[in-house]
Structure formats: structure tokens, C-alpha cells
Amino acid sequence: MARQGGFCLGSFFLILGFIGFFSTPAEAAIKKYQFDVHVKNISRLCHAKPIVTVNGMFPGPTIYAKEGDSVLINVTNHAQYNMSIHWHGLKQFRNGWADGPAYITQCPIQTGKSYTYSFNITGQRGTLWWHAHILWLRATVYGAIVIMPKEGTSFPFPQPVRETNLIFGEWWNNDVEEIVKQGNQMGLPPNMSDAHTINGKPGPLFPCSEKHTFAMEVEQGKTYLLRIINAALNDELFFAIAGHNLTVVEIDAVYVKPFTTQSILIAPGQTTNVLIQANQRPGRYFMATRTFMDVPIAVDNKTATAILQYKGIPNTVVPLFPSLPAPNDSNWALSYNSKLKSLNTANFPANVPLNVDRHLFYTIGLGQNSCPTCLNGTRLTASLNNVTFVMPETALLQAHYFNMKGVFTLDFPDRPPTPFNYTGAPLTANLRTSLGTRLSKIAFNSTVELVLQDTNLLSVESHPFHLHGYNFFVVGTGIGNFDPAKDPAKFNLVDPPERNTVGVPTGGWTAIRFRADNPGVWFMHCHLELHTGWGLKMAFVVEDGKGPNQSVLPPPKDLPTC
């Protein structure tokens, strides 16, 4: 950590943060944190290697705040990589300068430099998370954001006796950035991870994991809240606890109608809060997570585990193992997602746009481009509406705010240029894929419906899409080609789930709606890091409104420069 006058600056900010967090006045507090980005040697699976960390922690520190608080996080970059951090799911109203994706809303923080992310938490409470948003650095640079309800407000479900964060991640024995570089040079996907992790630990099913197993102690008869985050780069994951049901009460920091299930499915970028009751025979029970993949694509299919341990039970007791859905169980996945519905009460309404100003239809495509230097003479690529997004060298929000020319164009197509049978027989050729930094302009306060359609270019596959700066309502989903004449009649416009990251099912489609009331430049991308790197991304320019508080705030003075 950075030190000034012999005092640890990081500790100073953390102390201030916790003073603010536990203060009694009802007025909003200011939470301050210091994030020092360092490279540190970490050992897992009998392999030690240097990884990028925040404050020497893997996963990184948890941000604690209450709804209505202001947060200041000073990030100092001591690593050899340029760095930016995204506060995933925070809406950042008018304040894209604090959103974090490199070259979208900011230039990255250079080695030896600092940048203070300053934002307010308005109208949000629950579990979100933060992660690096440049290269593949979020493989190790991530942590939880816990937003408690504002003073005098309780959970709309039974009060737990304790809360625990469970963050799912991945571990590579070798340097992740080198693995990605090798894959790009060959034009192939990089090697898959060597293990999944729960709170940075793979569990006892892996070698050298005696000290690398997360354990949670519970007491008979009590209720606990698990804040579950999928920080994995490339895998949707099942999760279950042997012998215990899970009651889902929140997704992506939005309360849902509670329902009980033996397992959950969580895509990269998503969060899920569940209640568990310690109502089984006292013992030790495995908590387990494993990949969901319903097409024949190679994935890390090894199971990571942690332990739920009743108080007083010795460590010599062998834990029971849970039953997880089959790794390719598409029907289970669709059934689970259909149970997610907004609470939609007077206190927590579901304000679904009923009338749509702008209809968008985006096809998701994988393909191959010529690459004479690559192994097979081709390089894998990805596109939305046949556009492979090219990252700019100047941050898009800065270019938009300062009216800089030549950085991007506003001609991203509302629909694919060439309609075809999107989920029919596999197609192995690109459909006139173009490269470009092309954005879509949206009028302030207009309502938008976006249908994301998977295609069988090379292969169908599920894709979790994240929209920065907004929540949206998932009003419909289906398998096959979206039918604009018939499918909208089946939309749920009463209590659809509200999220910031949604899975597009394999060989299917998902329809979302949102109101464009947050001006700025907002990134939308597949949250599989592999596909994002191939170009499966775009951005919206939401215009300023004409009234007060309807335009992008001025940039901070310490905004990084490219």
C-alpha cells in the first residue's frame, strides 16, 4: 500500500469507510477506499505465480455502502499493466466518468498513476461487484460490492443472522495475459482455465488445496444470506449445497419474488442472493459449482467446492456432495430462468416500458477472418449485426463530450444487413462482416426494446450480455428465431426480471426493454471475455436531455489521458 509519513494510506481510507458505514445518522455518508494495484505471488494447484491484485488480496476487498451514500475510491496503479476498474451494475447516473471500461468512458490508469472514482449510490441496494475492465486482468482483479438498504428500511424477506459473499472465479496455472497472447497469435481460443474457484480457492478436489478451501460455519436452525457473484471470465455456472435448499430473493441488486430451488444458474457478470436455512443434520456439506455448456465446445468442466460446516462438527467428517444439473441441461436452465420475476410491489415497482419508441434487433455472430500469420490461416472473430467492434485509442465518452471528430461514427445498424435463417443449419462463412467503431445514438428518455438473437454462424452458443449504465427488464426469451409477429404477444410486461446482465439462450433470443434516461456513452458487450476480445460489443450514445439534470456531468480534473 502507498504510505505517507509512515502511516498506511489504505488503512486510513478503510477506517474512514467503516466509520461511515457504522455511523448512526440517517443522512448519507461518504465512503472512502484506497485501492493499491500490485503484483503479488500467489499459489494454487501446486503452482505459484505473480498475479495482479488489489491491496494484495485475491479476491479483492469488498466495498460496503448504504443506498444513498457517496463513494470515493482512489486507485493507484503499481502494476506493469495499464488499469481501469468497472463498478459492475452501478448505474452511474450522468456520471459515465466513473463507470470504468477502458477506452469507452476513460483512458486507463497508467503505471505509477492514480485516479479517484467518485459516484453516488441512488435507488440501488443489494449485491453488485467490481472488476478490472481492460485486457483479461479481471481474472484476478475483482471483488464484491455490498449495498445495504437505506436507514430505516429492511429486507423484504426474513432477516438472516449473517451474510457471506461467495465469488466464483477461475484460475490459470500460467500467466493469463501470455496465454491470451499465444491464442491470438494462433487465431484460436486461449487455453481454458485449470480450475474454478470459490472466494479464490478451488477446494479439496484439487491438488495442494488443503489451505485453499473456503469454509462457512453455521448454527442449527438459523437462516443465512449468501451473496453469490459469478466473476468467471468465460463460464456460466451451476451452484448447489448438499442437502440444503436455496431460496432466491435477489438478482443483480433487484429483489425478486422468492422461490426455492436445489440449484441456481449464474452467468458471468450476474449476482444472485439466496437464503439458506441450517435445518439439516449437523455435519459438513459441500457447496459446489460447475460449468453449464449445452453445445460441444471445450470448457473447464471441473467442479470447485467449498464447505458448509455446522458448529461443533470436526473437520475429520467427510462432507456430503450435492446433486448438480447435468452440464448440458438446457431445459433445466430455461426452467430456472423462467422462475425469476420482479417483486413488483408498491415499494419496489417494476416500471416496465409499455410503449416502445425504438425497436432494435441485434444478431450475435461468430466467424473467421483471414490471418496469414495464424496457425490455420484464419482468426476467430465475433460481431453484432455483422459489425466487429474496434476499440478506439481515445475514450468514447471523452470524444463525445468534447465533440472530437474521427473517433467513432453513429451508424451502428438497428438490424442485421442480411436477414437469414439465424438458427438453421450451421453456416461457416462470415456474412459481409465489417470492422468499425460504430455506435448507436438514442434519444434521451426514449424507450428501447432490444432483441438479442443468437445465430448458428460457426456454432450456436449462449451469451451473457451486460449493458453499462442501466438496468433493463427481460420481457421475453425463446428458442429458435424471434418472430416479431407472434412472440411479443407472449412478453411478460407485468413482473419481468430486472437485471444488468442477461443470458441469451443457445440457439435462441432474449428481448429486453429500458428507458434511456441516463445520458452518456454506455458499453454493451458479451460478458464472456473471450467473445468480447473477438469484437462482440458495441456502445450506445444516449443524448443529453433539455431539462436540468439531464446532461452528462463535467469530467473530473484527474481523468486519465491516453
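Residues numbered from 1 in each chain as written. Predicted model: local features only at pLDDT ≥ 70, side-chain atom pairs only at ≥ 80, totals over all residues. Heavy atoms only, no water.

Student: Any chance you could explain unusual backbone geometry here in plain terms?
Tutor: Trans peptide bonds make up most of the peptide bonds, and negative phi angles are found at most residues other than glycine. The omega angle of the peptide bond from Phe58 to Pro59 is -5°, so this bond is cis rather than trans. Looking at the element boundaries, Pro59 is found in the loop between β4 (47–54) and β5 (63–66). Although it is not a glycine, Leu45 sits at a positive phi angle of roughly 55°. One can find Leu45 in the loop between β3 (30–44) and β4. (Helix = DSSP H or I, 4+ residues; strand = E, 2+ residues; numbered from the N terminus.)

Student: Would you mind going over the pairing of β3 with me for this structure?
Tutor: Of the strand pairs in this sheet, β3 and strand β6 (residues 70–77) are connected by 8 bridges, and their pairing is parallel. Across the sheet, residue Tyr33 finds its bridge partner in β6, namely Ile73. Where β3 meets β4, 8 bridges bridge the pair, whose relative direction is antiparallel. Opposite Ile42, over in β4, you have Lys49 as the bridge partner. The antiparallel hairpin formed by β3 and β4 contains 2 residues in its connecting segment, where Leu45 sits at a positive phi of about 55°. (Pairing = 2+ DSSP bridges.)

Student: Explanation requested: the domain arrangement of the chain in the structure shown.
Tutor: Reports often express the size of an interface as the amount of accessible area lost when the parts come together. Partitioning the chain into domains gives domain 1 (30–148), domain 2 (162–339) and domain 3 (358–542). Between domain 2 and domain 3, the contact holds 25 residues from the first and 29 residues from the second. Taken together, both faces of the contact between domain 2 and domain 3 bury some 2,100 Å²; the carbon and sulfur share is 55%. Taken together, domain 2 and domain 3 are joined by 2 salt bridges. Between Asp252 and Arg499 there is a salt bridge; the shortest N-O distance is 3.1 Å. Sorting elements by how many residues they give to the side of domain 2 that touches domain 3 places helix α2 (residues 176–186) first, with 3 residues. Class assignment of the residues belonging to the side of domain 2 that touches domain 3 gives a composition of 13 nonpolar, 7 polar and 5 charged. (Domains from an automatic or database assignment. Contact = heavy atoms within 4.5 Å. Buried area = accessible area lost by both parts, 1.4 Å probe. Salt bridge = Lys/Arg side-chain N within 4 Å of Asp/Glu carboxyl O. Nonpolar A, V, L, I, M, F, W, Y, C, P; charged D, E, K, R; others polar.)

Student: Even after reading the chapter, I still don't get the pattern of salt bridges, so can you show me in this structure?
Tutor: Two side chains of opposite charge can pair, provided their charged atoms sit close to one another. Within this structure, the stated rule accounts for 15 salt bridges. In this structure, Lys66 and Glu151 form a salt bridge, with 3.7 Å as the shortest nitrogen-oxygen distance. Taken together, the positions of Lys66 in strand β5 and Glu151 in the loop between β10 (142–148) and β11 (162–171) put the pair 85 residues apart, joining distant regions of the chain. Residue classification places Glu151 among the partly exposed positions, given a relative accessible area of 42%. (Buried < 20%, exposed > 50% of the residue type's maximum accessible area, 1.4 Å probe, protein only.)

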